[in-house]
Amino acid sequence: MPNLMIETLMSHLILQVVKFADAKEVIQSLRSKVFQVEQKVEPTIDFDGLDETATHILAYYASEPIGTARIRNLNNKLAKIERVAVLSTHRGQGIGKAIMKAAIVYVDSQNIAEIKVNAQLHAKAFYQKLGFEQRGDVFNEAGMAHIEMRRSKHPLAE
Ligand code: COA
């Protein structure tokens, strides 16, 4: 039964690659709910002026925006995925994984060899399951414990 429910959920899930200018209000609303309201991150830290030059992923469930992430190319060999957020009401159902997979496929399609995330420590296992490995020690970012994790280009597991 749980598998059937997940299948039904995924058939209503739509993932989009968007520019910030085309989805600014939706992205800001999602990130405000998750980072500002839930995690108490300062808006100026979240909205750091880099959104305009980033590529964004949006997840919709039954036409409702429920998750997002952004991708920035740091150079022609390394991209960074950040601002990964799923509304608390929709977690634990594979939405975050689907957003990350869409972001990874997008980076891979640009022939960029490596992806970096600065992962909140609590999300380490989430990124490990997507093939990311820890680099270095825990550090503080936006008032929370983080680790750098990296993923070299290789096929995504199902
Ligand atoms: N700790 C450990 N494992 C986790 C996890 C966590 N916090 N969140 C997800 N996972 C695991 C799931 O158990 C699942 O494992 P499985 O494939 O073996 O079943 C897998 O990762 C995928 O989980 P999924 O359901 O796709 O994750 P989600 O939709 O709940 O989204 C986050 C995960 C982290 C994006 C979501 O919890 C979130 O938005 N948190 C608040 C913002 C945040 O912390 N963002 C990360 C910033 S680095």
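Heads up: the structure comes first, above all this text.
The structure reproduced in this document is the subject of the present report. (Residues numbered from 1 in each chain as written. Predicted model: local features only at pLDDT ≥ 70, side-chain atom pairs only at ≥ 80, totals over all residues.)

Right, let's get into the environment of A102. Residue position: A102 is located in helix α4 (residues 95-109). In this structure the C-alpha to C-alpha distance between A102 and I57, which are 45 residues apart in sequence, comes to 7.5 Å. What A102 contacts, discounting residues up to four positions off in sequence, is L15 and I57. (Helix = DSSP H or I, 4+ residues; strand = E, 2+ residues; numbered from the N terminus. Contact = placed C-beta atoms within 7 Å.)

Before going further, it helps to examine unusual backbone geometry. The phi angle at S63 is positive, at roughly 75°, despite the residue not being glycine. You can see S63 is positioned in the loop between β2 (55-61) and β3 (64-73). Taking the number of C-beta atoms within 10 Å as the measure of exposure, S63 has 7 and is therefore exposed. Its identity as a non-glycine residue notwithstanding, R83 has a phi of 55°, on the positive side. Note that R83 resides in strand β4 (residues 78-86). (Buried ≥ 20, exposed ≤ 12 C-beta atoms within 10 Å, placed from the backbone.)

Once that is clear, we can look at the site of the ligand. Near the ligand you find 18 residues, and of these R91, G96, K97, A125 and F126 are the closest. For the shell around the ligand, the secondary structure elements donating two or more residues are β4, α4, β5 (114-120) and α5 (124-128). Its residues assigned to classes, the shell around the ligand comprises 9 nonpolar, 6 polar and 3 charged. (Near = placed C-beta within 6 Å. Nonpolar A, V, L, I, M, F, W, Y, C, P; charged D, E, K, R; others polar.)

Residues A69, I81, I99, M100 and A103 are the most contacted members of the largest nonpolar core, which totals 27 residues. Every element with two or more residues in this core is listed here: α2 (20-38), β2, β3, β4, α4, β5 and β7 (144-152). Sorting elements by how many residues they give to this core places α4 first, with 6 residues. For A103, the residues in contact, after removing those within four places along its chain, are I57, A69, I71 and I81. (Core = buried A, V, L, I, M, F, W, Y, C linked by C-beta atoms within 7 Å.)

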